[in-house]
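# A look at the structure
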Amino acid sequence: MTPVDKRPGTPAMRLILPLPGNEIFARRLADEGGWELGAMETRRFPDGETYVRILSEVKDKAVDLVCTLARPDDGFLRLIFAADAARDLGARQVNLVAPYLSYMRQDRRFQPGEAVTSRSFARLVSSSFDRLLTVDPHLHRYPALSPLYTMPTDTLHAAPLLADWIAAEVDKPLIIGPDEESDQWVSAIAARIGAPHAVLRKVRHGDRHVEVKLPDLSKWRGRQPVLADDIASSGNTLIEAARQLPLQGFVRPVVAVVHAIFADDSFQRLAALCDRIVSTDSVPHESNSVRLASLVGNAIASAPHDEGDLIRHRRPPEELDEVKQVGFDSFPASDPPS
Ligand code: R5P
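Residues numbered from 1 in each chain as written. Predicted model: local features only at pLDDT ≥ 70, side-chain atom pairs only at ≥ 80, totals over all residues. Heavy atoms only, no water.

### Quick word on the packing of aromatic side chains
In the structure shown here, the tally under the stated rule is four aromatic pairs. Ring geometry for Phe 45 against Tyr 51: centres 5.8 Å apart, planes inclined by 90°, an arrangement best described as edge-to-face. For Tyr 51, a relative accessible area of 22% puts it in the partly exposed group. With a centroid separation of 4.9 Å and an interplanar angle of 40°, the aromatic rings of Phe 76 and Phe 121 are classed as tilted. Of this pair, Phe 76 sits in helix H2 (residues 76–88) while Phe 121 sits in helix H3 (residues 117–128), and the two are 45 residues apart along the sequence. Here the two residues Phe 76 and Phe 121 agree in accessibility, since each one is buried. Ring pairing ties together the aromatic residues Phe 76, Tyr 103 and Phe 121, which thus form one cluster. Taking the ring centre of Tyr 51 as reference, the NZ or CZ of Arg 43 above it sits at 4.2 Å. The ring of Tyr 142 carries Arg 108 above its face, with NZ or CZ at 5.6 Å from the centroid. (Phe/Tyr/Trp six-rings, centres within 6.5 Å; stacked < 30°, edge-to-face > 60°. Buried < 20%, exposed > 50% of the residue type's maximum accessible area, 1.4 Å probe, protein only. Helix = DSSP H or I, 4+ residues; strand = E, 2+ residues; numbered from the N terminus. Lys NZ or Arg CZ within 6 Å of the ring centre and 35° of its normal.)

### Examining the layout of surface pockets
Within this model, the second largest pocket holds a volume of roughly 220 Å³. In this structure, the second largest pocket is lined by 16 residues; those nearest its centre are Ile 24, Arg 28, Asp 281, Pro 284 and Asn 288. Counting residues per element, the ones that place at least two in the lining of the second largest pocket are helix H1 (23–33) and strand S16 (288–290). In terms of residues, the lining of the second largest pocket owes the most to one element, H1, which gives four residues. When the residues that make up the lining of the second largest pocket are grouped by side-chain class, the tally is five nonpolar, seven polar and four charged. (1 Å grid on protein atoms, 1.4 Å probe; cavity = no way out; pocket = protein on both sides within 12 Å on 5 of 7 lines; lining within 4 Å. Points joined across faces, edges and corners; volume = space filled by probe spheres on them. Nonpolar A, V, L, I, M, F, W, Y, C, P; charged D, E, K, R; others polar.)

### A few points about the pairing of strand S15 (residues 276–280)
Counting buried positions along S15 gives four out of five residues, so the element sits mostly inside the fold. Examined bridge by bridge, strand S14 (residues 254–260) and S15 share four bridges and lie parallel to one another. Bridging from a neighbouring strand, Val 254 pairs with Arg 276 of S15. As a crossover connection, the stretch from S14 through helix H7 (residues 266–271) into S15 is right-handed. (Pairing = 2+ DSSP bridges. Right-handed = clockwise from strand over helix to strand, strands pointing away.)

### Some details on the packing of H2 against H3
For any two helices packed against each other, one specifies the inter-axial angle together with the distance between the axes. For the pair H2 and H3, the least separation of the axes is 9 Å and the interaxial angle reads 25°. Taken together, H2 and H3 sit at an angle that is classed as roughly parallel. In contact with Phe 76, Ile 80, Ala 83, Asp 84 and Arg 87 of H2, H3 contributes Phe 121, Leu 124, Val 125 and Ser 128. Of the residues assigned to the contact of H2 with H3, the class counts are six nonpolar, one polar and two charged. (Axes fitted to C-alpha atoms, helices over the stretch in contact; angles between N-to-C directions. Parallel < 35°, antiparallel > 145°, perpendicular 65-115°, else oblique. Contact = heavy atoms within 4.5 Å.)

### Some remarks on the environment of Pro 160
Tracing the sequence through the fold places Pro 160 in helix H4 (residues 159–169). Spatially, the C-alpha atom of Pro 160 lies 9.1 Å from that of Ile 193, the residues being 33 residues apart in sequence.

### What to know about the environment of Ala 271
With respect to the helices, strands and loops of the structure, Ala 271 is situated in helix H7. As for Ala 271 and Val 254, which are separated by 17 residues in sequence, their C-alpha atoms are 9.6 Å apart. Not counting chain neighbours up to four residues away, the residues in contact with Ala 271 comprise Arg 252 and Ile 277.

See the structure below:
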(Lines give C-alpha, C1' and ligand atoms only; values in the text may rest on other atoms or scores of the structure.)
Protein backbone atom coordinates (compact mmCIF):
# COMPACT_ATOMS: atom_id res chain seq x y z
CA MET A 1 0.00 0.00 0.00
CA THR A 2 1.30 3.49 -0.81
CA PRO A 3 2.04 5.35 2.42
CA VAL A 4 -0.13 8.46 2.95
CA ASP A 5 1.76 11.61 2.00
CA LYS A 6 1.47 13.73 5.14
CA ARG A 7 2.86 17.01 3.79
CA PRO A 8 0.34 19.82 4.49
CA GLY A 9 0.04 20.74 0.80
CA THR A 10 -1.17 17.30 -0.14
CA PRO A 11 -4.90 16.67 -0.38
CA ALA A 12 -5.14 14.33 2.64
CA MET A 13 -3.59 16.81 5.05
CA ARG A 14 -5.15 20.11 4.06
CA LEU A 15 -8.52 21.43 5.18
CA ILE A 16 -10.19 24.40 3.51
CA LEU A 17 -12.40 25.92 6.19
CA PRO A 18 -14.77 28.76 5.28
CA LEU A 19 -15.99 31.44 7.64
CA PRO A 20 -19.69 32.27 7.14
CA GLY A 21 -20.28 33.96 3.78
CA ASN A 22 -17.20 32.38 2.19
CA GLU A 23 -18.61 28.94 1.46
CA ILE A 24 -18.81 29.33 -2.33
CA PHE A 25 -15.25 30.60 -2.71
CA ALA A 26 -13.98 27.88 -0.34
CA ARG A 27 -15.79 25.14 -2.25
CA ARG A 28 -14.26 26.33 -5.54
CA LEU A 29 -10.85 26.37 -3.88
CA ALA A 30 -11.25 22.90 -2.41
CA ASP A 31 -12.39 21.57 -5.79
CA GLU A 32 -9.43 23.23 -7.46
CA GLY A 33 -6.85 21.49 -5.28
CA GLY A 34 -8.78 18.31 -4.49
CA TRP A 35 -8.66 19.34 -0.84
CA GLU A 36 -11.10 18.56 1.95
CA LEU A 37 -13.77 21.19 2.56
CA GLY A 38 -14.53 21.74 6.22
CA ALA A 39 -17.38 23.33 8.10
CA MET A 40 -17.91 25.30 11.26
CA GLU A 41 -20.87 26.42 13.29
CA THR A 42 -21.07 29.96 14.56
CA ARG A 43 -23.79 31.98 16.20
CA ARG A 44 -24.35 34.81 18.63
CA PHE A 45 -25.20 34.16 22.25
CA PRO A 46 -28.15 36.17 23.55
CA ASP A 47 -25.72 38.68 25.02
CA GLY A 48 -24.14 39.28 21.59
CA GLU A 49 -20.97 37.28 22.20
CA THR A 50 -19.74 34.89 19.50
CA TYR A 51 -19.92 31.08 19.55
CA VAL A 52 -17.56 29.11 17.28
CA ARG A 53 -17.37 25.35 16.80
CA ILE A 54 -15.23 23.65 14.17
CA LEU A 55 -17.15 20.64 12.87
CA SER A 56 -14.29 19.04 10.88
CA GLU A 57 -11.20 17.18 12.09
CA VAL A 58 -8.22 19.57 12.01
CA LYS A 59 -5.60 17.52 13.88
CA ASP A 60 -2.26 17.38 12.03
CA LYS A 61 -3.68 19.25 9.05
CA ALA A 62 -2.78 22.51 7.38
CA VAL A 63 -5.96 24.49 7.91
CA ASP A 64 -6.76 27.35 5.54
CA LEU A 65 -9.41 29.61 7.00
CA VAL A 66 -11.10 31.30 4.04
CA CYS A 67 -12.43 34.73 4.90
CA THR A 68 -12.68 37.73 2.66
CA LEU A 69 -12.20 40.79 4.82
CA ALA A 70 -14.60 43.22 3.19
CA ARG A 71 -16.65 44.84 5.99
CA PRO A 72 -14.44 43.11 8.56
CA ASP A 73 -15.54 44.59 11.85
CA ASP A 74 -18.55 42.35 12.51
CA GLY A 75 -16.79 39.03 11.92
CA PHE A 76 -13.22 39.69 12.94
CA LEU A 77 -13.41 38.24 16.48
CA ARG A 78 -15.08 35.14 15.04
CA LEU A 79 -12.14 34.70 12.66
CA ILE A 80 -9.60 35.01 15.46
CA PHE A 81 -11.57 32.58 17.64
CA ALA A 82 -11.71 30.07 14.77
CA ALA A 83 -7.94 30.33 14.22
CA ASP A 84 -7.27 29.80 17.92
CA ALA A 85 -9.67 26.86 18.03
CA ALA A 86 -7.99 25.20 15.03
CA ARG A 87 -4.62 25.55 16.72
CA ASP A 88 -5.93 24.26 20.08
CA LEU A 89 -7.39 21.27 18.29
CA GLY A 90 -4.02 20.28 16.84
CA ALA A 91 -3.79 21.89 13.37
CA ARG A 92 -0.22 21.86 12.09
CA GLN A 93 -0.57 25.22 10.36
CA VAL A 94 -3.32 27.79 10.57
CA ASN A 95 -3.35 29.98 7.48
CA LEU A 96 -5.57 32.84 6.43
CA VAL A 97 -6.81 32.98 2.85
CA ALA A 98 -8.27 36.49 2.56
CA PRO A 99 -8.99 37.26 -1.10
CA TYR A 100 -9.63 40.86 -0.01
CA LEU A 101 -7.44 42.28 2.75
CA SER A 102 -8.95 45.14 4.74
CA TYR A 103 -7.43 48.01 6.67
CA MET A 104 -4.74 48.70 4.12
CA ARG A 105 -5.65 52.30 3.39
CA GLN A 106 -5.19 54.04 6.74
CA ASP A 107 -1.45 53.59 6.51
CA ARG A 108 -0.43 56.93 7.98
CA ARG A 109 -1.64 59.30 10.63
CA PHE A 110 -3.24 61.84 8.32
CA GLN A 111 -4.73 63.89 11.15
CA PRO A 112 -3.31 64.24 14.65
CA GLY A 113 -4.58 61.52 16.98
CA GLU A 114 -5.67 59.04 14.32
CA ALA A 115 -5.11 55.30 14.75
CA VAL A 116 -2.84 53.82 12.06
CA THR A 117 -5.18 50.90 11.65
CA SER A 118 -3.19 49.10 8.94
CA ARG A 119 -0.50 48.43 11.51
CA SER A 120 -2.82 47.47 14.37
CA PHE A 121 -4.82 45.17 12.14
CA ALA A 122 -1.68 43.51 10.76
CA ARG A 123 -0.39 42.92 14.27
CA LEU A 124 -3.65 41.22 15.32
CA VAL A 125 -3.76 38.99 12.22
CA SER A 126 -0.06 38.12 12.44
CA SER A 127 -0.46 36.95 16.02
CA SER A 128 -3.15 34.42 15.11
CA PHE A 129 -2.05 32.94 11.77
CA ASP A 130 1.04 31.26 10.35
CA ARG A 131 0.69 32.50 6.82
CA LEU A 132 -1.45 34.99 4.88
CA LEU A 133 -2.47 34.70 1.27
CA THR A 134 -4.28 37.59 -0.39
CA VAL A 135 -5.01 39.18 -3.75
CA ASP A 136 -4.01 42.73 -4.70
CA PRO A 137 -3.85 44.28 -1.25
CA HIS A 138 -3.92 48.07 -1.46
CA LEU A 139 -0.17 48.61 -1.47
CA HIS A 140 0.60 52.21 -1.98
CA ARG A 141 2.73 53.84 0.65
CA TYR A 142 3.89 50.38 1.73
CA PRO A 143 5.67 48.63 -1.15
CA ALA A 144 4.86 45.16 0.24
CA LEU A 145 3.02 43.48 3.12
CA SER A 146 6.26 42.61 4.92
CA PRO A 147 6.64 45.95 6.74
CA LEU A 148 3.24 45.33 8.30
CA TYR A 149 2.77 41.57 8.62
CA THR A 150 5.28 39.55 10.60
CA MET A 151 4.42 36.17 9.08
CA PRO A 152 5.04 34.87 5.56
CA THR A 153 2.62 36.41 3.09
CA ASP A 154 1.68 35.61 -0.49
CA THR A 155 0.48 38.53 -2.58
CA LEU A 156 -1.31 37.44 -5.75
CA HIS A 157 -2.34 39.63 -8.67
CA ALA A 158 -5.62 39.57 -10.53
CA ALA A 159 -4.56 41.89 -13.37
CA PRO A 160 -3.78 39.01 -15.80
CA LEU A 161 -7.23 37.51 -15.19
CA LEU A 162 -8.98 40.85 -15.72
CA ALA A 163 -6.83 41.40 -18.80
CA ASP A 164 -7.88 38.05 -20.25
CA TRP A 165 -11.53 38.85 -19.60
CA ILE A 166 -11.17 42.21 -21.37
CA ALA A 167 -9.33 40.62 -24.32
CA ALA A 168 -12.14 38.08 -24.72
CA GLU A 169 -15.10 40.44 -24.22
CA VAL A 170 -14.18 43.97 -25.33
CA ASP A 171 -13.42 45.13 -28.84
CA LYS A 172 -10.72 47.84 -29.27
CA PRO A 173 -10.33 48.61 -25.54
CA LEU A 174 -8.66 51.68 -24.07
CA ILE A 175 -7.64 50.80 -20.51
CA ILE A 176 -8.12 53.74 -18.15
CA GLY A 177 -7.03 54.08 -14.53
CA PRO A 178 -9.03 56.63 -12.51
CA ASP A 179 -5.99 57.89 -10.56
CA GLU A 180 -2.20 57.73 -10.54
CA GLU A 181 -2.20 54.81 -8.09
CA SER A 182 -4.04 52.65 -10.57
CA ASP A 183 -1.19 52.95 -13.06
CA GLN A 184 0.27 49.67 -11.73
CA TRP A 185 -2.91 47.73 -12.67
CA VAL A 186 -3.80 49.46 -15.91
CA SER A 187 -0.30 49.28 -17.33
CA ALA A 188 -0.11 45.54 -16.50
CA ILE A 189 -3.50 44.90 -18.10
CA ALA A 190 -2.74 47.00 -21.17
CA ALA A 191 0.68 45.37 -21.70
CA ARG A 192 -0.81 41.88 -21.52
CA ILE A 193 -3.43 42.52 -24.18
CA GLY A 194 -1.53 45.03 -26.32
CA ALA A 195 -4.02 47.85 -25.71
CA PRO A 196 -3.31 51.54 -25.07
CA HIS A 197 -3.80 52.92 -21.58
CA ALA A 198 -4.22 56.26 -19.83
CA VAL A 199 -4.40 57.41 -16.25
CA LEU A 200 -6.69 60.14 -14.92
CA ARG A 201 -6.01 62.54 -12.08
CA LYS A 202 -7.93 62.32 -8.84
CA VAL A 203 -8.07 64.61 -5.84
CA ARG A 204 -9.76 63.21 -2.75
CA HIS A 205 -11.57 65.70 -0.56
CA GLY A 206 -13.14 63.24 1.88
CA ASP A 207 -14.22 59.62 2.45
CA ARG A 208 -16.88 59.93 -0.25
CA HIS A 209 -15.91 63.06 -2.12
CA VAL A 210 -13.45 62.80 -5.01
CA GLU A 211 -12.75 64.95 -8.02
CA VAL A 212 -11.49 63.30 -11.20
CA LYS A 213 -9.89 65.19 -14.07
CA LEU A 214 -9.36 63.81 -17.56
CA PRO A 215 -6.33 64.54 -19.69
CA ASP A 216 -6.99 64.97 -23.40
CA LEU A 217 -7.92 61.46 -24.59
CA SER A 218 -9.18 62.51 -28.01
CA LYS A 219 -6.59 60.51 -29.95
CA TRP A 220 -8.27 57.32 -28.67
CA ARG A 221 -11.85 58.35 -29.49
CA GLY A 222 -13.61 55.41 -31.14
CA ARG A 223 -12.15 52.92 -28.68
CA GLN A 224 -14.16 51.30 -25.89
CA PRO A 225 -13.04 52.82 -22.57
CA VAL A 226 -12.43 50.24 -19.82
CA LEU A 227 -12.03 51.72 -16.34
CA ALA A 228 -9.83 49.44 -14.22
CA ASP A 229 -9.15 49.81 -10.50
CA ASP A 230 -8.31 47.70 -7.47
CA ILE A 231 -11.17 48.66 -5.16
CA ALA A 232 -14.66 50.08 -5.61
CA SER A 233 -15.35 51.18 -2.04
CA SER A 234 -17.67 54.18 -1.87
CA GLY A 235 -17.65 53.71 -5.67
CA ASN A 236 -17.24 57.45 -6.20
CA THR A 237 -13.83 57.26 -7.87
CA LEU A 238 -15.27 55.11 -10.65
CA ILE A 239 -18.55 57.05 -10.75
CA GLU A 240 -16.74 60.35 -11.24
CA ALA A 241 -14.47 58.86 -13.92
CA ALA A 242 -17.43 57.27 -15.73
CA ARG A 243 -19.29 60.59 -15.64
CA GLN A 244 -16.44 62.42 -17.33
CA LEU A 245 -15.76 60.10 -20.28
CA PRO A 246 -18.82 61.00 -22.40
CA LEU A 247 -17.75 64.67 -22.13
CA GLN A 248 -14.84 63.76 -24.40
CA GLY A 249 -17.04 61.90 -26.85
CA PHE A 250 -16.54 58.35 -25.54
CA VAL A 251 -19.20 55.68 -25.28
CA ARG A 252 -20.24 54.44 -21.82
CA PRO A 253 -17.31 52.64 -20.20
CA VAL A 254 -16.87 49.04 -19.18
CA VAL A 255 -15.62 48.77 -15.57
CA ALA A 256 -13.24 46.01 -14.40
CA VAL A 257 -12.44 46.03 -10.70
CA VAL A 258 -10.66 43.55 -8.47
CA HIS A 259 -12.51 44.08 -5.17
CA ALA A 260 -16.23 44.86 -5.48
CA ILE A 261 -17.11 46.35 -2.12
CA PHE A 262 -19.61 48.90 -3.53
CA ALA A 263 -20.96 50.61 -0.41
CA ASP A 264 -24.58 51.74 -0.20
CA ASP A 265 -26.21 52.24 -3.62
CA SER A 266 -22.94 52.92 -5.44
CA PHE A 267 -23.23 49.89 -7.69
CA GLN A 268 -26.61 51.05 -9.03
CA ARG A 269 -25.31 54.61 -9.48
CA LEU A 270 -22.26 53.36 -11.37
CA ALA A 271 -24.27 50.87 -13.43
CA ALA A 272 -26.43 53.73 -14.71
CA LEU A 273 -23.29 55.27 -16.26
CA CYS A 274 -21.67 52.11 -17.64
CA ASP A 275 -22.00 49.49 -20.30
CA ARG A 276 -20.88 46.60 -18.05
CA ILE A 277 -19.28 46.17 -14.62
CA VAL A 278 -17.20 43.11 -13.83
CA SER A 279 -15.23 42.11 -10.77
CA THR A 280 -13.34 39.15 -9.35
CA ASP A 281 -15.01 36.99 -6.71
CA SER A 282 -12.70 38.27 -3.95
CA VAL A 283 -15.80 39.91 -2.44
CA PRO A 284 -19.13 38.19 -3.18
CA HIS A 285 -21.12 40.58 -5.38
CA GLU A 286 -23.53 40.47 -8.30
CA SER A 287 -20.79 41.84 -10.60
CA ASN A 288 -18.45 38.86 -9.99
CA SER A 289 -17.38 37.42 -13.36
CA VAL A 290 -13.74 36.49 -12.86
CA ARG A 291 -12.97 33.56 -10.55
CA LEU A 292 -9.84 33.53 -8.41
CA ALA A 293 -9.93 29.90 -7.23
CA SER A 294 -7.36 28.69 -9.71
CA LEU A 295 -4.91 31.53 -8.96
CA VAL A 296 -5.31 31.03 -5.19
CA GLY A 297 -5.29 27.22 -5.42
CA ASN A 298 -2.01 27.20 -7.35
CA ALA A 299 -0.43 29.50 -4.77
CA ILE A 300 -1.56 27.26 -1.91
CA ALA A 301 -0.28 24.15 -3.66
CA SER A 302 3.12 25.71 -4.28
CA ALA A 303 3.58 27.26 -0.81
CA PRO A 304 6.42 25.64 1.17
CA HIS A 305 5.22 22.56 3.03
CA ASP A 306 7.77 22.54 5.76
CA GLU A 307 6.74 24.06 9.12
CA GLY A 308 10.36 24.98 9.70
CA ASP A 309 9.94 27.43 6.87
CA LEU A 310 7.17 29.18 8.74
CA ILE A 311 9.27 29.45 11.86
CA ARG A 312 12.25 30.78 9.90
CA HIS A 313 10.05 33.44 8.34
CA ARG A 314 8.61 34.63 11.65
CA ARG A 315 10.46 37.75 12.53
CA PRO A 316 10.04 41.05 14.28
CA PRO A 317 8.29 43.77 12.25
CA GLU A 318 10.47 45.64 9.80
CA GLU A 319 11.32 49.22 10.57
CA LEU A 320 8.54 51.54 9.46
CA ASP A 321 8.84 55.18 8.67
CA GLU A 322 8.35 56.71 12.07
CA VAL A 323 4.95 58.29 11.90
CA LYS A 324 6.10 61.10 14.14
CA GLN A 325 9.03 61.84 11.86
CA VAL A 326 6.88 61.73 8.75
CA GLY A 327 4.58 64.32 10.31
CA PHE A 328 0.94 64.77 9.47
CA ASP A 329 -0.29 64.84 5.92
CA SER A 330 -3.31 66.98 5.33
CA PHE A 331 -5.20 64.65 3.01
CA PRO A 332 -7.72 62.06 4.17
CA ALA A 333 -7.17 58.34 4.12
CA SER A 334 -7.22 56.19 1.00
CA ASP A 335 -5.41 58.24 -1.56
CA PRO A 336 -2.17 60.06 -2.08
CA PRO A 337 -1.83 63.80 -1.79
CA SER A 338 -2.44 65.58 -5.06
C1 R5P B 1 -7.28 54.45 -4.51
O2 R5P B 1 -6.86 54.74 -3.44
C3 R5P B 1 -7.87 53.14 -4.82
O4 R5P B 1 -7.13 52.54 -5.85
C5 R5P B 1 -9.32 53.26 -5.23
O6 R5P B 1 -9.40 54.09 -6.36
C7 R5P B 1 -10.11 53.85 -4.13
O8 R5P B 1 -9.85 53.19 -2.95
C9 R5P B 1 -11.58 53.78 -4.46
O10 R5P B 1 -12.30 54.33 -3.41
P11 R5P B 1 -13.77 54.83 -3.60
O12 R5P B 1 -14.53 53.76 -4.30
O13 R5P B 1 -14.25 55.06 -2.20
O14 R5P B 1 -13.73 56.10 -4.39
